[in-house]
Amino acid sequence: MNTIEPSTTNKHPLIALAAEWILPMTQTPTCDHHDLEAPQWLDNHAIIIQDCKILDILSRDQILARYPDCEITELKGMALMPGLINAHCHAAMSLLRGYSDDLPLHQWLETAIWPVEAQFVDDEFVYQGTQLAIAEMLRGGTTCFQDMYFMPDQIARAAQQSGIRANIGLMVVDSETVWARDASECISKGLSVYDQYKHNSNLTFSFAPHAPYTVSPQTLEKLSTLSFELSLNIHMHLHETAAEVFDYQKKHDIRPLEQLHKLGLLNPQLNAVHMTQLNEQEISWLEETGTHVIHCPQSNMKLASGCCPTGQLLDAGVNLAIGTDGAASNNDLDMLAELQSAALLAKIDCLDPEKLSAYQALYAATMGGAKALGLEDDIGSLEHGKQADIIAIDLNQIETQPVYNPVSQIVYAASRNQVTHVWVAGKQLLNNRQLTSLNESNILNNARSWKDKILENKIVQKQNSEL
Ligand SMILES: [Zn+2]
């Protein structure tokens, strides 16, 4: 680990987090996951935090010799690791969790989700729904999420108040929505939100064209230019289902990914979400262009969308990140469960238990996400100079004992209820499972009253249709 001399004129106190295991996630996994150069974890070490950053990582018995004035927090039986990065979410849709289940994607969108969104989504819905999602994510060890939804100003407001890190996707669709009349208005309103919040150190922004079937090639071309000019990523649903690709090809005589390639959109600024339908040529393009793939295994399974070929993508050298998708299609924002699903799904998809190892899955949910968001110099691993985005997982529980290998326990055995502490930029946002920056009872009351409002309306509509 790198170290630097502690400053003698510190204004901020030094904090040492001493734990039984530390998983720095600094090693890049190779195709052969047995090939890692160093151990995947450090035993009995401590992380020294100064202000918002990691100053040092050193063995437990060196702390006081090197940093005599630091405050030591003992985390016995716990593992410290980088905060999980949820690389694809529609946070506000948490208010529609369980509203409609067990339907194919397009039927689910057209008969259930889009109508209720058209009727209820407003500033308060997005603000309060995003708060509910952030509370759930923090309690599950997610310290950064990438979002895509209407009213990005409300998403930014909720994220800023909570202290979580977020990449706010500036949603773009061609047709009229609750947010804007058309794509041009989506872009102009989105850019004013970007201007308003771009100096907040915990917030970054991307363009979020919804999908090839809701955004025209002309709009995508415009976004390609803007993304290059403003250095903003593009975050987009792509090749989510076979039907989407088939219909697009029938209409445009080209597959969506090839269309994006022709428009110059396959590049390291693109976060391609889902990607369940890929041929060998397309996997080569992703690798050659440095395009990132965001894998949402549980949403893909629940909507029976298909299976992202993560084993082949990793073998080809494509960067993989993991997302939960929205809670309306998942139905939770549980990144530990998601990365476990990712590991299991890759194995059954390839009938090869060596695909997507525990370490590779954890890497995808940390450094993989950081790379996709363009934040790999700041987050994703625990090392000197990076932001102190750290989570503690209590492995001293019946469900995760004994610990031969903490990576294995976290990926294959631990649940999010074992996440006890969370820090984002050095600020503690979860302390012994208590949220420190959000009011849990307000969030619960808001969620219940949205349910009452939406259900009441559904009953009135049913009565009217029966008259
Ligand atoms: Zn999505």
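Only a predicted model underlies this, so the values are computations on that prediction, with no experimental measurement involved.

Cut-offs used in this document
- Residues numbered from 1 in each chain as written.
- Predicted model: local features only at pLDDT ≥ 70, side-chain atom pairs only at ≥ 80, totals over all residues.
- Axes fitted to C-alpha atoms, helices over the stretch in contact; angles between N-to-C directions.
- Helix = DSSP H or I, 4+ residues; strand = E, 2+ residues; numbered from the N terminus.
- Parallel < 35°, antiparallel > 145°, perpendicular 65-115°, else oblique.
- Contact = placed C-beta atoms within 7 Å.
- Nonpolar A, V, L, I, M, F, W, Y, C, P; charged D, E, K, R; others polar.
- Buried ≥ 20, exposed ≤ 12 C-beta atoms within 10 Å, placed from the backbone.
- Pairing = 2+ DSSP bridges.
- Domains from an automatic or database assignment.

Draft legend 1. Quick peek at the packing of helix 13 (residues 358-372) against helix 14 (residues 406-413). Here helix 13 crosses helix 14 at 75°, and the two axes come no closer than 9 Å. Classed by the angle they form, the pair helix 13 and helix 14 counts as roughly perpendicular. Of the residues in helix 14, those in contact with Ala358, Tyr359, Ala361 and Leu362 of helix 13 are Val407, Ser408, Ile410, Val411 and Tyr412. Of the residues in the contact of helix 13 with helix 14, the class split is 8 nonpolar, 1 polar and no charged.

Draft legend 2. Focus on the environment of Glu74. Among the structural elements, Glu74 can be located in strand 4 (residues 71-82). Judged by local crowding, Glu74 falls into the exposed class, with 12 C-beta atoms found within 10 Å. Spatially, the C-alpha atoms of Glu74 and Tyr197 are 36 Å apart, while their sequence positions differ by 123 residues.

Draft legend 3. Representation of the sheet that holds strand 4. One open sheet holds the 8 strands; their spatial order is 3-2-1-4-13-14-15-16, and the pairing between them is mixed. The strands lining the two open edges of the sheet, one partner per strand, are strand 3 (53-59) and strand 16 (434-435). When strand 13 (residues 390-394) meets strand 14 (residues 419-424), the two strands line up antiparallel, connected through 4 bridges. Of the residues in strand 14, the one forming a bridge with Ile390 is Trp423.

Draft legend 4. Highlighting unusual backbone geometry. For the peptide bond that leads from Asn330 to Asn331, omega is 5°, which places it in the cis range. Considering the arrangement of structural elements, one finds Asn331 in the loop between strand 12 (320-322) and helix 12 (335-350). The phi dihedral of Asp102 is positive, around 60°, even though this residue is not glycine. With respect to the element layout, Asp102 can be found in the loop between strand 5 (84-89) and helix 2 (105-120). Overall, the presence of 8 C-beta atoms within 10 Å leaves Asp102 in the exposed class.

Draft legend 5. Region of the structure containing the domain arrangement of the protein. Looking at the assigned domains, one finds that the protein contains domain 1 (14-82 + 382-435) and domain 2 (84-372). For domain 1 versus domain 2, the separation of C-alpha centres amounts to 28 Å. Contact with domain 1, which involves 27 residues of that partner, is made by 27 residues of domain 2. Within the residue set of the side of domain 1 that touches domain 2, elements represented by two or more residues are strand 13, helix 14, strand 14 and strand 15 (427-431).

Draft legend 6. Local environment of the environment of Ser341. Along the chain, Ser341 turns up in helix 12. Owing to 20 C-beta atoms within 10 Å, Ser341 belongs among the buried residues under this scheme. C-alpha of Ser341 to C-alpha of Trp285: the two residues are 56 residues apart in sequence and 26 Å apart in space. Beyond its immediate chain neighbours, meaning those up to four positions away, Ser341 contacts Pro297 and Gln298.

Draft legend 7. Main features of the sheet that holds strand 9 (residues 233-238). Strand order in the open sheet made by the 8 strands is 5-6-7-8-9-10-11-12, with parallel pairing throughout. Each of the sheet's edge strands pairs with one partner strand only, and the pair in question is strand 5 and strand 12. Adjacent strand axes in the sheet meet at a mean angle of 25° when their direction is disregarded. Pairing of strand 8 (residues 203-209) with strand 9, which is carried by 2 bridges, proceeds in the parallel orientation. If you follow Ser206 over to strand 9, its bridge partner there is Asn233. On top of the sheet, helix 3 (residues 123-139) reaches strand 5 and strand 6 (142-149); it is set at about 150° to strand 6, its chief contact. Most of the contacts of helix 12 go to strand 12, to which it runs at about 135°, and overall it touches strand 5, strand 6, strand 11 (292-295) and strand 12.

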